[in-house]
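Overview (structure and organization)
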Amino acid sequence: MLLAIDCGNTNTVFSIWDGERFLCTLRTSTEHQRTADQYYVWLSTLLAHHRIPMDIDAMIISTTVPRVVFNLRVLSDRYFNCRPLVVGKPECLLPNPPRVDEGTQVGPDRLVNAAGAFERYGGDIIVVDFGTATTFDVVAEDGAYVGGVIAPGVNLSLQALHEMAAALPHVDVTRPQKVIGTNTVTCMQSGVFWGYIGLVREICERIRSEYDRPMRIISTGGLAPLFAQGDTLYDHFDEFLTIHGLRIIHDYNKALGNP
């Protein structure tokens, strides 16, 4: 069985693939101090709860937090006796290498999103990922990542408002009933919600214009469903797009005999 790990700045997702389907998907906070032993205790306890055997013999990692890689490698070696693939490292090959400026290091999450989107939806795709940052990934006709856009994430914007403006409280992001707020909280919620609706729509329209081809928009990330309510911002929402991309990259390397 394959253990696919998507480690973001805020949360880390573990998914178990048995060769035909994902048996479960587990989420925990990202903490670079967490040891391999702590990962194993947490993972084994939850798998036992789901009655899933610990028959893991392969592991692939995508992370935007480099400091977690060492302990995840130790987890793979110590408890599963396998060498993990780490997306973005030279030994981890991609089905469709990115086409970007020479010397540019593309985030592993963006490479994985491109692989997952191409396998599930084909090429000429914009992937909008609502994470700590809101990213736009452009996937070409042949499945290669060819560039994109990075904007501050929704929660990051709310946190900045709260921390940098003494009079503004911390609020949860939600769709307000009206655009015009009648108190501080609804004013902030309206600004963030409708501001990001406008941001996503405008950036996607400009990408389409510059790319000069019909393109579909695929969204992923925890907040993506909120921004689809009553608004046709994108064509599909795929909660597990990144995890599927990890499986695609693992299968590609396995077929090549790597590692």
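Below is a summary of the structure that appears in this document. (Residues numbered from 1 in each chain as written. Predicted model: local features only at pLDDT ≥ 70, side-chain atom pairs only at ≥ 80, totals over all residues. Heavy atoms only, no water.)

Moving on, we get to helix α1 (residues 36-49). With 14 residues, α1 should reach 20 Å at 1.5 Å per residue; the first-to-last C-alpha distance of 20 Å fits that figure. Close packing links the buried residues of α1 with β1 (2-7), β2 (11-17), β3 (22-29) and α2 (69-80). (Helix = DSSP H or I, 4+ residues; strand = E, 2+ residues; numbered from the N terminus. Expected span 1.5 Å × (residues − 1). Contact = heavy atoms within 4.5 Å.)

What follows concerns the sheet that holds β3. In any sheet, the strands associate via hydrogen bonds between backbone groups, in a parallel or an antiparallel arrangement. The five strands lie next to each other as β3-β2-β1-β4-β5, forming an open sheet whose pairing is mixed. Single-partner strands in this sheet number two, and they are β3 and β5 (85-86). Sheet strands touched by α2: β1, β2, β4 (58-63) and β5. Its angle to β4, the strand with the most contacts, is close to 175 degrees. (Pairing = 2+ DSSP bridges. Axes fitted to C-alpha atoms, helices over the stretch in contact; angles between N-to-C directions.)

A contiguous nonpolar patch, built from L93, Y252 and L256 and spanning about 250 Å² of accessible area, is present on the exposed surface. For Y252, the location among the structural elements is in helix α6 (residues 241-255). The class of Y252 is partly exposed, set by a relative accessible area of 31%. (Patch = residues over 30% accessible without salt bridge, like charges linked within 9 Å, V, L, I, M, F, W, Y side chains within 5 Å. Areas by Shrake-Rupley, 256 points an atom, 1.4 Å probe, with all protein chains shown as cover. Salt bridge = Lys/Arg side-chain N within 4 Å of Asp/Glu carboxyl O. Buried < 20%, exposed > 50% of the residue type's maximum accessible area, 1.4 Å probe, protein only.)

Where helix α3 (residues 108-121) meets α6, the closest approach of the two axes is 7 Å, and the angle between their N-to-C directions is 90 degrees. Comparing their axes, α6 and α3 come out roughly perpendicular. On α6, the residues touching V112, N113, A115, G116, A117, E119, R120 and Y121 of α3 are L241, T242, H244, G245, L246, R247, I248 and I249. In the contact of α3 with α6, the residues fall into eight nonpolar, five polar and three charged. (Parallel < 35°, antiparallel > 145°, perpendicular 65-115°, else oblique. Nonpolar A, V, L, I, M, F, W, Y, C, P; charged D, E, K, R; others polar.)

The strand order across the open sheet built from five strands is β8-β7-β6-β9-β10, with neighbouring strands paired in mixed fashion. Only two strands of the sheet have a single neighbouring strand rather than two, namely β8 (145-152) and β10 (236-237). As paired strands, strand β6 (residues 125-130) and strand β9 (residues 216-220) are joined by five bridges and run parallel to one another. Directly across from V128, in β9, lies its bridge partner S219.

Our next topic: the pattern of salt bridges. Scanning the model with the defined rule gives eleven salt bridges in all. In this structure, D37 and R78 form a salt bridge, with 2.8 Å as the shortest nitrogen-oxygen distance. In this pair, D37 sits in helix α1 while R78 sits in helix α2, placing the two residues 41 residues apart along the sequence. Looking at D37, the relative accessible area reads 35%, which means it is partly exposed.

For the rest of this paragraph, the subject is the side chain of D137. Mapped onto the elements of the fold, D137 is located in strand β7 (residues 133-139). On the basis of relative accessible area, D137 is assigned to the buried category, the value being 0%. In terms of polar contacts, D137 uses its side chain to reach the side chain of R110, at 2.6 Å. With residues up to four places along the chain from it excluded, the contact list for D137 reads R110, N113, I125, I126, V127, Y145 and G147. (Polar contact = N/O pair within 3.5 Å; in protein donor to acceptor, adjacent residues only side chain to side chain.)

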